[in-house]
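An overview of the molecular structure
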Amino acid sequence: MTVLAAGEVSPGLLGFVVVAFLGFALYILIKSMNKQMSKIQVPHAGEADDKKAE
C-alpha cells in the first residue's frame with residue numbers, strides 16, 4: 001500500500017471517470033434540451049394582437 005505525505009492527494013482513475021461521466025451526461029442533457037427548445041413555437045407580436053382583436 002502506498003502512503004502519501006500530507007498534501008499529496010491524487011484523485012486517480014476514479015476521479016477522472018466521475019468527471020468524464022458528468023461531462024458526457026451534461027453533453028447529452030444539453031443536446032436534448034436544444035432539441036426540445038426547437039419544438040417550441042413562439043407566436044409573434046402581430047399574431048397575438050390579431051387574436052386579441054377577435
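Read on for a plain summary of the structure. In this text, all values refer to a predicted model and were calculated from it rather than measured experimentally.

Glancing now at the overall build of the protein. Scanning the protein for helices and strands turns up 2 helices and 0 strands. The burial tally for the protein puts 0% of its 54 residues in the buried class. If you sum the accessible surface of the protein, you get close to 5,500 Å²; carbon and sulfur atoms cover 68% of it.

So, on to helix α1 (residues 12-39). An ideal rise of 1.5 Å per residue puts 40 Å on 28 residues; α1 measures up with 42 Å between its terminal C-alpha atoms. Within α1, only 0 of the 28 residues are buried, leaving the element largely exposed.

What follows deals with a nonpolar patch on the surface. Residues Leu26, Ile30, Met33, Met37, Ile40 and Val42 make up a contiguous nonpolar surface patch of about 610 Å² in total accessible area. Structurally, Val42 can be placed in the loop between α1 and α2 (45-53). Overall, the relative accessible area of 63% leaves Val42 in the exposed class.

Calculation rules
Residues numbered from 1 in each chain as written. Predicted model: local features only at pLDDT ≥ 70, side-chain atom pairs only at ≥ 80, totals over all residues. Heavy atoms only, no water. Helix = DSSP H or I, 4+ residues; strand = E, 2+ residues; numbered from the N terminus. Buried < 20%, exposed > 50% of the residue type's maximum accessible area, 1.4 Å probe, protein only. Areas by Shrake-Rupley, 256 points an atom, 1.4 Å probe, with all protein chains shown as cover. Expected span 1.5 Å × (residues − 1). Patch = residues over 30% accessible without salt bridge, like charges linked within 9 Å, V, L, I, M, F, W, Y side chains within 5 Å. Salt bridge = Lys/Arg side-chain N within 4 Å of Asp/Glu carboxyl O.

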